[in-house]
Amino acid sequence: MIKKPKVVIIAGGLATRMSPITDNIPKCLIDVNGAPLIQHQIEFFRERGYKEFVFCVAHLANKVKEYFGDGSQFGVSIEYSLEPNELLGSAGAVKLIENIIDSTFIVFYGDNLTNLNFDKFLKFHKEKNSQFTIFLKKRSEKNHSSSLITMNDENKIISFIEKPSVEEFDKHKHEIQYINNGIYLIEPELIREIPENIKYDFGKDAIPTLLQKDHKIYGYLSDDFYVELGRVEKYETFLARFKCRKNVLERAKAIFLDRDGVINEGIKNLSKPEQFRLIPRVAEAIRKFNDGGYLVIVVTNQPIIAKGFCTGEDIEKIHHKMKKSLAEKGAHVDAIYLCPHHPEKGFEGEIAHIKINCECRKPKPGLILNAVKDYNLDLFKSWMIGDSFSDVQAGKEAGVMTILLTSGDGSGSKQEKELQNVSPNYKFKSLIEAAEFIMLKR
Ligand SMILES: [Mg+2]
């Protein structure tokens, strides 16, 4: 068995982007549902056998020490490394602990939360004989404030640019681009490469230099949940999404619901709140899901936005009415994901830039998969319920169980006819029947 690495937690930053929340506490101690952020992560590690931690602390270091002590209260052991007043950067902080690191170690930032499978990450690192492995993800859009990474077919990193310029993006535009999640597995001999007593960052300095020197650096791709809470808005969004969840790193189960024909009576081009009518007993069904511990997430195609028949604000008003009507009956939806796109051009007043072939329009699974990332969801315990074959297809592609409501007209479109062979896991006449079934099946 491979020895579980030490986890080095970088927690010395001044956290200026988190002010005023972090004026008196370091970022790793900000509250997440009743416990400090990093405690959630430490417990996650501990349950998987990772029990040795080194905290690299500086700003408000005493608060971290006071809270965690030697770690014994939390079932782990914690050592501390205090950075001098002059902050040394992430790699500079690791240089200070050179004498207590003698085998492969993990570097983890104190404002991150992830349920990354570290055993698989480590296995990959060892199999590649890597000296430095980066947990990364595919770039979804051109984000100029982050990193730009490219790899070869063996996942060996070829280029790594921190905060790339427009020209640098352009140079790599034909390659698949990745971004750095800032979680690393590193071999101890590489610490020797970090210069002493100067500010030195992994992203800006260490990784580009190690690449130049031809060290073996690999990229590890995974869809596991990952979030960085380094900004006030991100932190607040996270808290809103994860409210009521004691264990934020445990995947939650969800019911994905199509909207038209499932929640409300299907009306062609529904664009005004007064046209919105809940189907009988839908609130009762959604309440069952709420009470049963499922998140309820609406996933809806609204091509009428791209077609120019109504605006995003009109849809907002409709959703306001939906939430209000449900609330009156004690039910709620946790989130709404909508696709405003439409692929075919030629509508008077259409919005050109969203007349595209997107990744989110059902039957594609994009809306579901985005929700899975944002809410840390368990696909195997989740369901998609819709009244058309494109709903079923989206659910199947995402990897959730599917239910077709036969009450729907399935819209009779060309696409629906093409998808007639897609078979759902179950069929029911109405949402309440589906809800009763799922509650029995649990
Ligand atoms: Mg529908």
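**A short note on the overall build of the protein chain**
Phase 1: Secondary structure summary: the protein chain contains 13 helices and 19 strands in total.
Phase 2: A globule of 442 residues ought to have a C-alpha radius of gyration of about 22 Å, and the protein chain, at 25 Å, matches this closely.
Phase 3: Its C-alpha atoms give the protein chain principal-axis dimensions of roughly 70 × 50 × 45 Å.
Phase 4: Look at the contacts in the protein chain between residues 6 or more apart in sequence, and 72% of them connect residues 24 or more apart.

**A look at the sheet that holds strand E14 (residues 254–257)**
Phase 1: Taking strand neighbours across the sheet as the criterion, the 6 strands line up as E16-E15-E14-E17-E18-E19 in an open arrangement whose pairing is parallel. Each having just a single partner strand, strand E16 (335–339) and strand E19 (426–428) make up the two edges of the open sheet. The average angle at which neighbouring strand axes cross in this sheet is 20 degrees, direction not considered.
Phase 2: Of the pairings in the sheet, the one linking E14 to strand E17 (residues 383–386) comprises 3 bridges and is parallel in character. Opposite Ile-255, over in E17, you have Trp-383 as the bridge partner.
Phase 3: Of the strands in this sheet, E17, strand E18 (401–405) and E19 are in contact with helix H13 (residues 431–441), which crosses E19 at around 135 degrees.

**Describing the domain arrangement of the protein chain**
Phase 1: Per the domain assignment, the segments of the protein chain are domain 1 (6–233) and domain 2 (251–441).
Phase 2: For domain 1 versus domain 2, the separation of C-alpha centres amounts to 38 Å.

**Some words on the pairing of E16**
Phase 1: Pairing analysis gives 5 bridges linking strand E15 (residues 295–301) to E16, with the strands arranged parallel. Along E16, the bridge assignment pairs Thr-300 with Leu-338.
Phase 2: Regarding the hand of the β-α-β motif, the stretch spanning E15, helix H9 (residues 312–327) and E16 is right-handed.

**A closer look at the packing of helix H8 (residues 282–291) against H13**
Phase 1: The N-to-C vectors of H8 and H13 enclose an angle of 20 degrees; their axes lie 8 Å apart at closest approach. It follows that H8 is roughly parallel to H13 by the angle criterion. As H8 packs across H13, the resulting crossing turns out to be left-handed. Here H8 contributes Val-282, Glu-284, Ala-285, Lys-288 and Phe-289 to the contact with H13, which in turn contributes Leu-431, Ile-432, Ala-435 and Met-439.
Phase 2: For the contact of H8 with H13, the residue count by class is 7 nonpolar, no polar and 2 charged.

**Quick look at the nonpolar core**
One recurring pattern in soluble globular proteins is that nonpolar side chains are buried together.
Phase 1: Core analysis: the largest hydrophobic core is formed by 67 residues, its most contacted members being Val-8, Ile-9, Phe-55, Cys-56, Ile-106, Val-107 and Tyr-184.
Phase 2: Excluding residues that lie within four positions of it along the chain, Ile-9 makes contacts with Cys-28, Ile-38, Phe-53, Val-54, Phe-55, Cys-56, Phe-108 and Gly-110.
Phase 3: With 51 residues, the next largest nonpolar core counts Ala-254, Val-262, Leu-377 and Ile-438 among its residues.

**A closer look at unusual backbone geometry**
Phase 1: With omega at 5 degrees, the peptide bond leading from Ser-19 into Pro-20 counts as cis.
Phase 2: Note on placement: Pro-20 falls in the loop between strand E1 (6–11) and strand E2 (31–32).
Phase 3: In this chain, Lys-362 is followed by Pro-363 through a cis amide linkage whose omega measures 15 degrees.
Phase 4: Relative to the helices and strands, Pro-363 resides in the loop between E16 and helix H10 (366–375).
Phase 5: The phi dihedral of Leu-60 falls on the positive side, at around 55 degrees, and the residue is not glycine.
Phase 6: Relative to the helices and strands, Leu-60 resides in the loop between strand E4 (52–57) and helix H2 (61–68).
Phase 7: Overall, Leu-60 belongs to the buried group, with 21 C-beta atoms counted inside 10 Å.
Phase 8: With phi around 70 degrees, Cys-244 is a residue other than glycine that occupies positive phi space.
Phase 9: Accessibility expressed as a C-beta count within 10 Å gives 9 for Cys-244, which makes it exposed.

**A short note on the environment of Val-107**
Phase 1: By the secondary structure assignment, Val-107 is in strand E6 (residues 105–109).
Phase 2: Classification of Val-107 as buried rests on a count of 24 C-beta atoms within 10 Å.
Phase 3: Sequence spacing of Val-107 and Lys-63 is 44 residues, and the spatial spacing of their C-alpha atoms is 21 Å.

**Section: H8**
Phase 1: Those residues of H8 lying buried are Val-282, Ala-283, Ala-285, Ile-286, Lys-288 and Phe-289.
Phase 2: Packed against the buried residues of H8 are E14, E15, H9 and H13.
Phase 3: Where H8 terminates, the next one or two residues include Gly-293, which has phi positive at roughly 85 degrees.

**Focus: the pairing of E17**
Phase 1: Residues Trp-383 and Ile-385 of E17 are buried on one face, and the alternating residues Met-384 and Gly-386, pointing to the opposite face, are buried as well.
Phase 2: Judged from the 4 bridges that link them, E17 and E18 form a sheet pairing that is parallel. By the bridge assignment for E18, Trp-383 is matched with Met-401.
Phase 3: The parallel pair E17 and E18 is bridged by helix H11 (residues 389–398), and the resulting crossover is right-handed.

The rules we used
- Residues numbered from 1 in each chain as written.
- Predicted model: local features only at pLDDT ≥ 70, side-chain atom pairs only at ≥ 80, totals over all residues.
- Helix = DSSP H or I, 4+ residues; strand = E, 2+ residues; numbered from the N terminus.
- Rg over C-alpha atoms; globule rule 2.2 N^0.38 Å.
- Contact = placed C-beta atoms within 7 Å.
- Pairing = 2+ DSSP bridges.
- Axes fitted to C-alpha atoms, helices over the stretch in contact; angles between N-to-C directions.
- Domains from an automatic or database assignment.
- Right-handed = clockwise from strand over helix to strand, strands pointing away.
- Parallel < 35°, antiparallel > 145°, perpendicular 65-115°, else oblique.
- Left-handed = near helix turned anticlockwise from the far one by under 90°.
- Nonpolar A, V, L, I, M, F, W, Y, C, P; charged D, E, K, R; others polar.
- Core = buried A, V, L, I, M, F, W, Y, C linked by C-beta atoms within 7 Å.
- Buried ≥ 20, exposed ≤ 12 C-beta atoms within 10 Å, placed from the backbone.

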